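Listed here are the chains, written in short residue letters.
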Amino acid sequence: MTTRAEAIDPIVRERLACPQDHGPLIDAGDELYNPRLHVAYRIDADGIPVMLIDEARKVDDAEHERLTASTQ
């Protein structure tokens, strides 16, 4: 099954960046994750990333390790 992050159009995905530090994001299932700031941005049911700073979810250290394990 395809995750919401994987379903984003590749051209759109290439251009998405964190609204806080303007850096790259990691695909994390139904979210896009910024490992530098430990915040995740949800992707809604229609496949639209919600890139609002106020709606970013804080990620604890344990989840950060899990999310970044595949990128190391």
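Our subject is the structure listed above.
Just so it is clear, the model here is predicted, and its values are computed rather than measured. (Residues numbered from 1 in each chain as written. Predicted model: local features only at pLDDT ≥ 70, side-chain atom pairs only at ≥ 80, totals over all residues. Heavy atoms only, no water.)

### A few points about the overall build of the protein chain
Secondary structure summary: the protein chain contains 3 helices and 4 strands in total. If you list the helices and strands of the protein chain from N to C, you get α-α-β-β-β-β-α. A compact globule built from 72 residues would reach a C-alpha radius of gyration of about 11 Å, and the protein chain, at 11 Å, matches this within 12%. Oriented by its inertia axes, the alpha-carbon framework of the protein chain measures out at about 30 × 30 × 20 Å. Here the protein chain holds 72 residues, and the buried ones make up 38% of them. Of the contacts made within the protein chain by residues no fewer than 6 positions apart, 33% connect residues no fewer than 24 positions apart. (Helix = DSSP H or I, 4+ residues; strand = E, 2+ residues; numbered from the N terminus. Rg over C-alpha atoms; globule rule 2.2 N^0.38 Å. Buried < 20%, exposed > 50% of the residue type's maximum accessible area, 1.4 Å probe, protein only. Contact = heavy atoms within 4.5 Å.)

### Observations concerning the environment of Arg13
Among the secondary structure elements, Arg13 is positioned in helix α2 (residues 10–15). Along the primary structure Arg13 and Arg66 are separated by 53 residues, whereas in three dimensions their C-alpha atoms are 22 Å apart. Those residues in contact with Arg13 that lie beyond four places of it in its chain are Ile8, Leu25, Ile26, Asp27 and Leu32. Polar side-chain contacts of Arg13 include one of 2.6 Å to the backbone oxygen of Leu25. (Polar contact = N/O pair within 3.5 Å; in protein donor to acceptor, adjacent residues only side chain to side chain.)

### Focus on the side chain of Asp44
Position of Asp44 relative to the elements: it lies in the loop between β3 (39–42) and β4 (57–58). Looking at Asp44, its side chain comes within polar contact range of the main-chain nitrogen of Asp46, at 2.9 Å. Once residues within four sequence positions are removed from consideration, Asp44 is found in contact with Arg4 and Val50.

### Some details on the sheet that holds β4
With antiparallel pairing, the 4 strands of this open sheet are ordered in space as β1-β2-β3-β4. What marks the edges here is a single partner per strand, and that holds for β1 (26–28) and β4. Inspection of the sheet shows β3 paired to β4 by 2 bridges, in the antiparallel sense. Note on β4: the bridge partner recorded for Val39 is Lys58. (Pairing = 2+ DSSP bridges.)

### Side note on the pattern of salt bridges
Enumeration according to the criterion identifies 6 salt bridges in this entry. Note that Asp21 is salt-bridged to Arg36, the shortest N-O span being 2.8 Å. Linking Asp21 in the loop between α2 and β1 with Arg36 in the loop between β2 (31–34) and β3, this pair joins segments that are 15 residues apart in sequence. Of the charged contacts in the structure, one is a salt bridge between Arg57 and Glu63, with a shortest N-O distance of 3.0 Å. What emerges from the salt-bridge pattern is a single network uniting Glu31, Arg57, Glu63 and Arg66. (Salt bridge = Lys/Arg side-chain N within 4 Å of Asp/Glu carboxyl O.)

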